[in-house]
Amino acid sequence: MDEPAILAFIEFSPDRAILPVSLEALSAAKQIASALQGTLATLVMGADTAETTQDLKFYGVDAVYSIEHPLLASYQPECFVSSFSGACKHIGPKVVIMGNTLTTIDLAPRLACSLDTGLVTDCVEIDFSSGEILFAKPVFSGNVLATFAIASAPAIVTVRSRAFEPLQRMDIASGDSIRLDPAIDADFIPAPVVERVIEVQEVVRLETANRVVSGGRGMGGPEGFAQLKELADLLGAALGASRPPCDLGWIFPKAQIGQTGEIVAPGLYIAVGISGSTQHIAGMSTSKTIVAINKDPQANIFRMADYGIVAKYEEAVPAFRDALKELLA
Amino acid sequence: MKTGKGLHIIVCIKQVPDPEGPRDSFVINSEANRVEPRGIPPVLSLFDENALEAALRIKDVHGDAQITVLSIGKRISNAVMLKALSAGADELLKVEDERLDPGSLDSSAIAAVLACAIKQLDYDLVLVGRQAADWNAGQVGIMIAYRLGIPAITLARKAILDGEAVIVERVLPDGYEVVRSALPAVVMTSNEAGELRYPSMIQRREAKNKPVVTWGLGDIGIDAPPANKVVLKRLSTPAIVTGACTLIDGATAAEAGRNLALRLRQDKVI
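Please read these numbers as outputs of a predicted model, since none were measured by experiment. (Residues numbered from 1 in each chain as written. Chains lettered and ligands numbered in written order. Predicted model: local features only at pLDDT ≥ 70, side-chain atom pairs only at ≥ 80, totals over all residues. Heavy atoms only, no water.)

Trainee: What's the story with the packing of aromatic side chains in this structure? I'm lost.
Mentor: Two aromatic rings are characterised by how far apart their centres lie and by the angle between their planes. One pass over the structure, following the stated rule, counts 5 aromatic pairs over all chains. Aromatic pair Phe 140 of chain A and Phe 26 of chain B: ring centres 5.6 Å apart, planes at 45 degrees, arrangement tilted. Separated into two different chains, Phe 140 of chain A in the loop between β7 (134–139) and β8 (144–150) and Phe 26 of chain B in strand β3 (residues 26–29) make up a pair that spans both. The same class applies to Phe 140 of chain A and to Phe 26 of chain B, which are both buried. Here the aromatic residues Phe 140 and Phe 148 of chain A together with Phe 26 and Trp 135 of chain B are joined through ring pairs into a cluster of three or more. The ring centre of Phe 58 of chain A lies 4.3 Å from the NZ or CZ of Arg 169 of chain A, which sits over that ring. Above the face of the Tyr 176 of chain B ring, Arg 157 of chain B is positioned so that its terminal group lies 4.0 Å from the ring centre. (Phe/Tyr/Trp six-rings, centres within 6.5 Å; stacked < 30°, edge-to-face > 60°. Helix = DSSP H or I, 4+ residues; strand = E, 2+ residues; numbered from the N terminus. Buried < 20%, exposed > 50% of the residue type's maximum accessible area, 1.4 Å probe, protein only. Lys NZ or Arg CZ within 6 Å of the ring centre and 35° of its normal.)

Pasting the structure below:
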């Protein structure tokens, strides 16, 4: 292939909806394909990929590759990596892009090892200004932006959720569907899954939520989080927290937002009783609109916020919630 | 190191500038393309503390397990690493060399050096944090496993030993899965693995007498770290979004709450 191919790995939810972060990765891939005058390709893997493959044709993609196999029904490192690297050997992409998800945290470094190439994780910006494709990511708790080149091919990149605008669906289908059938070596799975346990603790998942209501040490206890839960439900938002409430057991550990937890970038982030430690800021600073409610006017969170109230949350939040209820009714 | 009685666990720990340091303490030296921390102390990377805690929980059950902390770098502070020994690690192994500057090595180079060091040891389990708290790449654990040709299990919130196998609870978006792997293996912990325990005064005193071994690159059989695949081109300060906060007032806090809702609607945020 003369034109360089840019390949986006597309993940989908159990109900076969393409993950928002995959459409964001696809948008980043499209930027690169345009800059390099290359082709835009996608790769889907699963036990049944027909619906997703068909759906992807509405995103202006040149080629939609799919790998279908019963062993790909859920993520398993060896099966996914051998399929993916087989696909890369066939397609010969210049860049491979995917969303930064719990799956790709495991998959991307393995793929880099398998293809003996370089990987930049958690990319937030792509820079073509020097003629070379460069990938930028936040380092040192978000205090520094580091820009990297990848000296080997394919360049592998994962993109941070919400860092790129998702590619929009079009009315007309285009592109070729191509089924790949790389050999999957299922004989050697060194760490087989013994059981899967589903703990549905949150109605709205943090990583995909467009609105997040989050509480900090200032909530004072689990009762405070019960109030925030009401606010979150009203807004269709996910419930989050800074680290201390998770450590203190006021809320389940997976609610943690920050460098040691989930990194989120929702359209609306409401921080209540959160002082704004560097570690927390690193997990939410790229949210579109940030609202802070804190009794301490000096709290660091106000430096990040677009809107703020200096008040005790016990007094401000119920009135805020009641007013929202009227407005959203 | 392994004397044939207990299991030998290696925990890879990185020393990083305190991630909670104020923004202006991360000074960019553009000429050298380096971040030079000013006025903040080095600390153990938080994520590696999770890995050490996971090792200590195994040792709580298997008392004869030996835990070696392995760290590579230009210069590694014994004072910083003392925290790991106080918490219960048995010994510290440092690989120091001028060329082991973590700011100029990519993940694959760091993993190659760590794997060469690990190969010199008799080991059963290697524990690594999910990412380093400075560069956040999150790749080294898997890359060590590939170099050693042993299984890697990521996002471990719990690891227990069962005979010659490790059983890991691995974090999933909506729960967890239990995987079982033969030893030796590399396990990368998630932050749910737990915070590092707090040492007692006695433990802290005893830690000062625990063995500290320092190796050079020659001791691990390499002349230099391998070339980077990922090349740092530039460092910059991200745009700071400060001073833009619109404070919403009201005669009472309740009124401010109400005004906030109205303002968000007016600005089409909701």
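Trainee: Explain the packing of helix α9 (residues 313–328) of chain A against helix α6 (residues 253–266) of chain B to me, please; I cannot follow it from the model alone.
Mentor: The relative placement of two packed helices comes down to the angle between their axes together with the axis-to-axis distance. Here α9 of chain A crosses α6 of chain B at 35 degrees, and the two axes come no closer than 7 Å. Read as a crossing pair, α9 of chain A and α6 of chain B show a hand that is right-handed. Here α9 of chain A contributes Glu 315, Ala 316, Ala 319, Phe 320, Ala 323, Leu 324, Glu 326, Leu 327 and Leu 328 of chain A to the contact with α6 of chain B, which in turn contributes Ala 253, Ala 254, Gly 257, Arg 258, Leu 260, Ala 261, Leu 262, Leu 264 and Arg 265 of chain B. Broken down by class, the residue content of the contact of α9 of chain A with α6 of chain B amounts to 13 nonpolar, 1 polar and 4 charged. (Axes fitted to C-alpha atoms, helices over the stretch in contact; angles between N-to-C directions. Left-handed = near helix turned anticlockwise from the far one by under 90°. Contact = heavy atoms within 4.5 Å. Nonpolar A, V, L, I, M, F, W, Y, C, P; charged D, E, K, R; others polar.)

Trainee: Would you mind going over the sheet that holds strand β13 (residues 238–241) of chain A with me for this structure?
Mentor: Sheet strands pair via backbone hydrogen bonds, and the direction of the pair is either parallel or antiparallel. Strands sit in the order β13(A)-β12(A)-β14(A)-β15(A)-β16(A)-β15(B) across an open sheet of 6 strands; the sheet is parallel. One side of each edge strand has no neighbouring strand; the edge strands of this open sheet are β13 of chain A together with β15 (246–247) of chain B. Relative to strand β15 (residues 289–294) of chain A, strand β14 (residues 268–272) of chain A runs parallel, the two being bridged by 5 bridges. The partner of Ile 270 of chain A across the bridge, within β15 of chain A, is Val 291 of chain A. Across the sheet, helix α5 (residues 222–235) of chain A lies against β12 (211–215), β13 and β14 of chain A, angled at about 170 degrees from β12 of chain A, the strand it touches most. (Pairing = 2+ DSSP bridges.)

Trainee: Any chance you could explain the sheet that holds strand β4 (residues 95–99) of chain A here in plain terms?
Mentor: All names here are of chain A. Spatially, the 7 strands line up as an open sheet ordered β5-β9-β4-β1-β2-β3-β10, and their pairing is parallel. Of all strands in the sheet, those bounded by a partner on one side alone are β5 (119–123) and β10 (176–180). The mean angle between the axes of side-by-side strands here comes to 20 degrees, regardless of whether they run parallel or antiparallel. Where β5 lies against strand β9 (residues 155–159), 3 bridges are found, and the strand directions are parallel. Its bridge partner being in β9, Leu 119 is matched across the sheet by Ile 156. Strand contacts of helix α3 (residues 77–91): β1 (5–10), β2 (39–46), β3 (63–68), β4 and β10, with the helix running at about 160 degrees to β1, the strand carrying the most contacts. In the packing of helix α4 (residues 102–114) onto the sheet, the strands contacted are β1, β4, β5 and β9, and the crossing angle to β4 comes to about 165 degrees.

Trainee: Sorry, what's going on with the pairing of β13 of chain A here?
Mentor: Residue and element names in this part refer to chain A. Going residue by residue along β13, you find Ala 238 and Gly 240 tucked away on one face and Leu 239 and Ala 241 tucked away on the opposite face as well. Alignment of β12 against β13, held across 4 bridges, turns out to be parallel. Bridge pairing in β13 places Val 213 opposite Leu 239. Considered for its hand, the β-α-β crossover made up of β12, α5 and β13 is right-handed. (Right-handed = clockwise from strand over helix to strand, strands pointing away.)

Trainee: Sorry if this is basic, but what is going on with helix α1 (residues 46–61) of chain B here?
Mentor: For an α-helix, the turn length of 3.6 residues means that residues three or four places apart are oriented alike. With 16 residues, α1 of chain B should reach 22 Å at 1.5 Å per residue; the first-to-last C-alpha distance of 23 Å fits that figure. Listed as buried for α1 of chain B are Phe 47, Asp 48, Glu 49, Asn 50, Ala 51, Leu 52, Glu 53, Ala 54, Ala 55, Leu 56, Ile 58 and Lys 59 of chain B. (Expected span 1.5 Å × (residues − 1).)

Trainee: Quick question: what am I supposed to make of the side chain of Asn 191 of chain B here?
Mentor: Within the secondary structure, Asn 191 of chain B sits in the loop between β12 (185–189) and α5 (201–207). A polar contact of 3.3 Å, which involves the side chain of Asn 191 of chain B, links it to the side chain of Arg 130 of chain B. (Polar contact = N/O pair within 3.5 Å; in protein donor to acceptor, adjacent residues only side chain to side chain.)

Trainee: What am I meant to see in the confidence of the model for chain B here?
Mentor: Parts of the model with low pLDDT should not have their predicted coordinates read in detail. Residues at a pLDDT of 70 or more form 97% of chain B, whose mean pLDDT is 94. Scored as a whole, the predicted complex attains pTM 0.90, and scored at its interfaces, ipTM 0.93. (pLDDT = per-residue confidence, 0-100.)

Trainee: What exactly am I supposed to notice about the pairing of β2 of chain A here?
Mentor: Residue and element names in this part refer to chain A. With respect to burial, β2 is a largely interior element, 8 of its 8 residues being buried. The side-chain alternation of β2 yields two buried faces, one formed by Thr 39, Ala 41, Leu 43 and Met 45 and the other by Leu 40, Thr 42, Val 44 and Gly 46. As paired strands, β1 and β2 are joined by 6 bridges and run parallel to one another. Counted as the bridge partner of Phe 9 is Leu 43 from β2. With respect to chirality, the unit in which β1 leads through helix α1 (residues 20–36) into the neighbouring parallel β2 is right-handed. For β2 and β3, the ladder comprises 6 bridges, and the chain directions are parallel. By the bridge assignment, Val 44 is partnered in β3 with Ser 66. Read as a crossover between parallel neighbours, the route from β2 over helix α2 (residues 50–56) to β3 is right-handed.

Trainee: Looking at this model, I keep getting lost on the interface of chain A and chain B. Mind explaining?
Mentor: Between chain A and chain B, the contact holds 84 residues from the first and 76 residues from the second. The contact between chain A and chain B buries some 6900 Å² in all, and 59% of this surface belongs to carbon and sulfur atoms. Taken as a group, Phe 140, Asn 143 and Tyr 307 of chain A account for 11% of the area that chain A buries against chain B, more than any other trio of residues on that side. The interface formed by chain A and chain B includes 7 salt bridges. The tally of links between chain A and chain B comes to 31 residue pairs in polar contact (both at pLDDT 80 or more). Sorting elements by how many residues they give to the side of chain A that touches chain B places α9 of chain A first, with 9 residues. (Buried area = accessible area lost by both parts, 1.4 Å probe. Salt bridge = Lys/Arg side-chain N within 4 Å of Asp/Glu carboxyl O.)

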